[in-house]
Amino acid sequence: MLCSGFNVVGFNWISSPAATELESIVLDWMGKMLKLPSSFLFSGTGGGVLHGSTCEAAVCVLAAARDKALKELGGWKNITKLVVYASDQTHFTFQKAAKLVGIPPSNFRLIETSFSTGFSLSPENLRFAIEDDIKSGLVPLFLCATIGTTPSGAVDSIAELGKVAMEFKLWLHIDAAYAGSGCICPEVRHYLDEVELANSISMNPHKWFLTNMDCCCLWIKEPKLLVDSLSTDPEILRNNASKSKAVVDYKDWQIALSRRFKALKLWVVIRQHGLANLMYHIRSDIAMAKRFEALVGEDERFEIVVPRKFALVCFRLKPKVEEEDLNRKLVEAIMQC
Ligand code: PLP
């Protein structure tokens, strides 16, 4: 109500210094709760922005990575050489985002995962794909690693994938849309170990952080690359604050010019609950999921399909050959409840 009622028009710093400053502050608070290295924070050498969704964040970081690469390669004619890598568990939003920034869909590599690796992206398979592309004259551009995939809550190893990304100079983005919130708890935070190897990371407080839709935090190590790619400088918006380069103009960190006062709702969530209560909320969800997982495990009609990591339990009725559609019917029955 407050965000809508104030109706702040915060496209650049001068149009609402308070909204801009508050956004930078809450992004640093949130980043510190996740123990992100200072290279992602305004208090260090990076910075963060609130987007409406991971899809928007993905478009923006892909545009920044694309423009950096095209500059090095000698211009737009090379766009058809750029390749994006992800696993077959990566959220489909990254394929859409890659297409939106002009990467040919045939240059999007969906690397197959399997039960044996807990559906996480194998660094070896990534390396094979990259080497194949290089042999064909293509240029590896971007890798999306996910902490808590949508289908099964799988976790890609930032440490291992980060090494490959560094070796081949890929832009590494971490999508922690859902599970990122869990990483405020020390016992979950290890999934973000070596996040310093990434170029950017995003998570959605509107998923598991008691925040209303729409709210996606994006942190980037080199905000300049985002601004180089997305900035506009029309006469009507020129002002001394922007000219000084001492302020953040968030219009240059996102797709649209206009933006809502999303920082206020995240500020309210953090101030209202406090870190201890937010951790309690995450822990109680995880405890509930653990209990549910145990109950399902004790019931011989069901099986756990992949080991649970967060508060997502993947289970199914044990398939019987004569009843192939059994689990689809179960889902339909649950949906109708
Ligand atoms: N990434 C992951 C891991 C998700 O679980 C989701 C949504 O379920 C998304 C991205 C897409 O998020 P958004 O709707 O904010 O674009």
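Residues numbered from 1 in each chain as written. Predicted model: local features only at pLDDT ≥ 70, side-chain atom pairs only at ≥ 80, totals over all residues. Heavy atoms only, no water.

A. The arrangement of the overall build of the chain in detail. Secondary structure summary: the chain contains 12 helices and 9 strands in total. For the chain, whose C-alpha radius of gyration is 21 Å, the value lies close to the compact-globule estimate of 20 Å for 337 residues. Taking the principal axes of its C-alpha atoms as reference, the chain extends roughly 70 × 55 × 35 Å. A burial count over the chain gives 52% of its 337 residues as buried. In the chain, the proportion of contacts linking residues at least 24 apart, taken out of those at least 6 apart, comes to 70%. Here the chain contributes 38 positively and 38 negatively charged side chains, and the mean placements of these two sets differ by 5 Å. (Helix = DSSP H or I, 4+ residues; strand = E, 2+ residues; numbered from the N terminus. Rg over C-alpha atoms; globule rule 2.2 N^0.38 Å. Buried < 20%, exposed > 50% of the residue type's maximum accessible area, 1.4 Å probe, protein only. Contact = heavy atoms within 4.5 Å. Lys, Arg positive; Asp, Glu negative; His and termini not counted. Charge placed at Lys NZ, Arg CZ, Asp CG, Glu CD.)

B. Representation of the pairing of strand β7 (residues 216–220) within the structure. Counting buried positions along β7 gives 5 out of 5 residues, so the element sits mostly inside the fold. By the alternation rule, side chains of β7 split into Cys 216, Leu 218 and Ile 220 and Cys 217 and Trp 219, which are all buried. Pairing between strand β1 (residues 47–51) and β7: 5 bridges, direction antiparallel. Its bridge partner lying in β7, Gly 48 is registered against Trp 219. In this structure, strand β6 (residues 200–203) lies alongside β7, joined through 4 bridges in antiparallel fashion. Its bridge partner lying in β7, Ile 201 is registered against Trp 219. (Pairing = 2+ DSSP bridges.)

C. Broad picture of the site of the ligand. In the neighbourhood of the ligand, the contacting residues comprise Ser 53, Thr 54, Cys 55, His 91, Thr 146, Gly 148, Thr 150, Asp 175, Ala 177, Asn 204, His 206 and Lys 207. Residue Thr 150 places a side-chain N or O atom 2.9 Å away from an oxygen atom belonging to the ligand. Contacts to the ligand include Asp 175, whose side-chain N or O atom sits 2.6 Å from a nitrogen atom. Its residues assigned to classes, the shell around the ligand shows 2 nonpolar, 8 polar and 2 charged. (Near = heavy atom within 4 Å. Polar contact = N/O pair within 3.5 Å; in protein donor to acceptor, adjacent residues only side chain to side chain. Nonpolar A, V, L, I, M, F, W, Y, C, P; charged D, E, K, R; others polar.)

D. Fine view of a nonpolar patch on the surface. The grouping of Leu 2, Phe 6, Trp 267 and Val 268 at the surface amounts to a nonpolar patch, some 370 Å² of accessible area in total. When residues of the nonpolar patch are traced back to their parent elements, those giving at least two are α1 (2–6) and α11 (262–298). As for its position among the elements, Val 268 is in helix α11. Judged by its relative accessible area of 33%, Val 268 is partly exposed. (Patch = residues over 30% accessible without salt bridge, like charges linked within 9 Å, V, L, I, M, F, W, Y side chains within 5 Å. Areas by Shrake-Rupley, 256 points an atom, 1.4 Å probe, with all protein chains shown as cover. Salt bridge = Lys/Arg side-chain N within 4 Å of Asp/Glu carboxyl O.)

E. View of the state of the cysteines. Per the stated rule, a full pass over the model turns up 0 disulfides. Cys 217 provides the cysteine sulfur closest to Cys 215, a residue in no disulfide bond, and the two sulfurs are 5.3 Å apart. Free of any disulfide, Cys 216 has its nearest neighbouring cysteine sulfur in Cys 217, separated by 6.7 Å. We classify Cys 216 as buried; its relative accessible area is 0%. (Disulfide = S-S within 2.5 Å.)

F. The arrangement of the domain arrangement of the chain in detail. Taken domain by domain, the chain consists of domain 1 (1–273) and domain 2 (281–335). When each unit is reduced to the centre of its C-alpha atoms, the spacing between domain 1 and domain 2 is 31 Å. On the domain 2 side, the residues contacting the 23 residues of domain 1 number 12 residues. Interface area for domain 1 against domain 2, summed over the two sides, is near 1,400 Å², with a carbon-plus-sulfur share of 72%. Where domain 1 touches domain 2, the interface holds 1 salt bridge. Note that Glu 187 and Arg 283 form a salt bridge whose closest N and O atoms lie 2.6 Å from each other. Summed over the shared surface of domain 1 and domain 2, the result is 4 residue pairs in polar contact (both at pLDDT 80 or more). (Domains from an automatic or database assignment. Buried area = accessible area lost by both parts, 1.4 Å probe.)

G. Up close: helix α2 (residues 17–33). For α2, spanning 17 residues, the distance from its first C-alpha to its last is 24 Å, which sits close to the expected 24 Å at 1.5 Å a residue. For α2, the set of buried residues is Ala 19, Thr 20, Leu 22, Glu 23, Ser 24, Val 26, Leu 27, Asp 28, Met 30, Gly 31 and Met 33. Contacts from the buried residues of α2 go to β1, β6, β7 and α11. Count one or two residues on from α2 and you reach Lys 35, which has phi positive near 55°. (Expected span 1.5 Å × (residues − 1).)

H. Summary view of the UniProt feature "modified residue: N6-(pyridoxal phosphate)lysine" (unreviewed entry) in the chain. Listed under "modified residue: N6-(pyridoxal phosphate)lysine" (unreviewed entry) in the UniProt record, and renumbered for this structure, are Lys 207. Of note, Lys 207 is situated in helix α8 (residues 205–208). Residue Lys 207 is classed as partly exposed on the basis of its relative accessible area, which comes to 46%. Residues in contact with Lys 207, not counting those within four places in the same chain, are Ala 177 and Tyr 178. (UniProt positions renumbered as here; feature names shortened; annotations may be inferred.)

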